[in-house]
Each structure stands twice: as C-alpha cells, then as structure tokens.
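# Residue-level structure breakdown
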Amino acid sequence: MRYNTPMQDLVAALLQELGEDPEREGLRDTPKRVEKSLRFLTSGYEADIDGVINNALFSVDYSEMVIVKDIDFYSLCEHHLLPFFGKCHIAYIPTKKVIGLSKIPRLVEVFARRLQVQERLTHQIAEIIEEKIAPIGVAVVMEGTHLCMAMRGVEKQNSLAITSAMLGAFRDNARTRSEFLELIRRPHLTPSPVDAIAGLSCVSE
C-alpha cells in the first residue's frame with residue numbers, strides 16, 4: 001500500500017535513469033522498500049529527545065567518570081547517501097544528575113538516524129548530554145568506517161575515521177582526558193605531551 005507516491009515515483013525514475021526497468025520482477029517493489037528503509041534510517045529527525053530520555057534522569061551524590069563504550073552506530077553520509085558505521089564511546093562526569101545508562105545508546109541512535117557527517121554527529125551527542133544533565137564534562141569519541149571511501153573514490157577499505165568532542169573538564173584537563181582514552185582502551189588516541197599542553201584538537205573547538 002503506497003503512502004507516499006511522490007517519493008516512490010522518484011525512486012522509480014532514478015532506477016530508470018540508471019538504465020534499469022523499474023517494472024521488472026525484482027525491482028517492482030523496490031521503490032516501496034526504499035521508501036520504508038529511508039523512513040527508518042532518517043527517523044531521528046522526528047524523534048522527541050525528552051521522550052527518548054523518558055525522565056530517566058536521577059539525582060546522585062557521585063562525581064566520578066561514567067563511561068559507556070563500544071556503542072554500535074549506523075548512519076547515512078549526507079554527501080553520497082552511503083552508510084557509515086562503527087563504535088561510539090561516551091563519558092561524562094556528573095554534578096547532581098546521571099542519565100539512565102540504557103538511554104545513552106538511544107541518544108546516539110537518534111542523531112545517527114539522520115543524514116550526517118561524523119564530525120557533526122560526534123558534537124551533537126556531546127552537546128545533548130551537556131544540555132540535559134549539566135555535567136562537569138562530556139567526552140565523545142567515534143570510530144567510523146565510511147562506505148563512500150571503501151566502495152568508491154579512494155577505495156580504501158581499511159581506513160577508519162576518528163572524531164572526538166571534548167567539553168568541560170575533558171577539554172580543559174589533560175589528565176581527565178587521558179584517563180578517558182585509557183579506559184576505552186584506545187592507546188593510539190592518547191595525546192602526546194604537546195597535545196597535553198596545547199589541548200586536544202577536537203570537533204567542539
């Protein structure tokens with residue numbers, strides 16, 4: 001049953017422009033499937049952040065680092081509409097509130113399910129955590145494989161894009177930043193002495 005004929009017509013026209021017959025058996029339902037897929041993959045635009053968090057903010061007397069690492073993410077590159085995917089690692093130091101641990105991957109999902117660039121995605125995740133619980137600091141590191149690099153262009157299948165956003169104490173304190181990078185076991189990201197003095201270059205700067 002069609003619920004957005006214009007989008008499906010555009011997909012059918014695209015198939016035809018690529019030299020295919022959109023009426024052949026294997027492609028007859030492709031416009032419908034593509035629409036359904038794109039609706040799901042871009043569902044983050046319509047997500048209600050407060051609804052996702054669902055009041056899972058808790059008052060605590062705790063000021064040590066909270067880390068959720070190896071969160072799988074899948075997103076679409078806004079430049080080529082090809083997937084990029086990988087792992088996201090998040091840390092924050094609470095002041096008065098913490099966020100339910102299961103909500104952190106959900107927040108990643110909200111922003112990943114949009115047309116994105118990895119740099120902006122990294123910053124948006126850090127920013128929303130800072131906004132919702134006002135921690136002492138937030139750190140986000142994302143490691144992504146981009147099919148726009150692996151399947152086309154430079155065709156570098158083993159390349160990995162690494163982005164970071166460091167806010168508050170993670171930006172200002174090299175020791176705090178190094179502790180986080182050590183705890184997520186990414187030694188190749190640990191800043192050099194020069195970085196420790198000058199401050200880690202990251203997306204949020």
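My aim in this report is to walk through the structure given alongside it, one point at a time. (Residues numbered from 1 in each chain as written. Predicted model: local features only at pLDDT ≥ 70, side-chain atom pairs only at ≥ 80, totals over all residues. Heavy atoms only, no water.)

## As for the overall build of the protein chain
Of regular secondary structure, the protein chain possesses nine helices and seven strands. For the protein chain, the proportion of contacts with a sequence separation of at least 24, taken over those separated by at least 6, is 68%. Only carbon and sulfur atoms are counted for the fraction: they give 53% of the accessible area of the protein chain, which is about 11,800 Å². (Helix = DSSP H or I, 4+ residues; strand = E, 2+ residues; numbered from the N terminus. Contact = heavy atoms within 4.5 Å. Areas by Shrake-Rupley, 256 points an atom, 1.4 Å probe, with all protein chains shown as cover.)

## Observations regarding the environment of I104
Position of I104 relative to the elements: it lies in helix α4 (residues 103-112). A sequence separation of 21 residues divides I104 from I125, and the C-alpha atoms of the two residues are 9.1 Å apart. Residue contacts for I104: discarding those within four places in its chain leaves V68, I71, I90, Y92 and I99.

## Brief notes about the nonpolar core
Core analysis: the largest hydrophobic core is formed by 32 residues, its most contacted members being C88, I90, Y92, I125 and I129. For this core, the elements supplying multiple residues, two or more each, are α3 (49-53), β2 (66-77), β3 (83-93), β4 (97-99), α4, α5 (118-133), β6 (137-146) and β7 (161-168). Counting residues in hydrophobic clusters, the runner-up holds eleven residues, among them M65, A91, I93 and A139. (Core = buried A, V, L, I, M, F, W, Y, C linked by side-chain atoms within 4.5 Å. Buried < 20%, exposed > 50% of the residue type's maximum accessible area, 1.4 Å probe, protein only.)

## Some words on a nonpolar patch on the surface
Where nonpolar side chains cluster on the molecular surface, the patch consists of F58, V60 and Y62 and spans about 260 Å² of accessible area. With respect to the element layout, V60 can be found in the loop between β1 (57-59) and β2. Looking at V60, the relative accessible area reads 31%, which means it is partly exposed. (Patch = residues over 30% accessible without salt bridge, like charges linked within 9 Å, V, L, I, M, F, W, Y side chains within 5 Å. Salt bridge = Lys/Arg side-chain N within 4 Å of Asp/Glu carboxyl O.)

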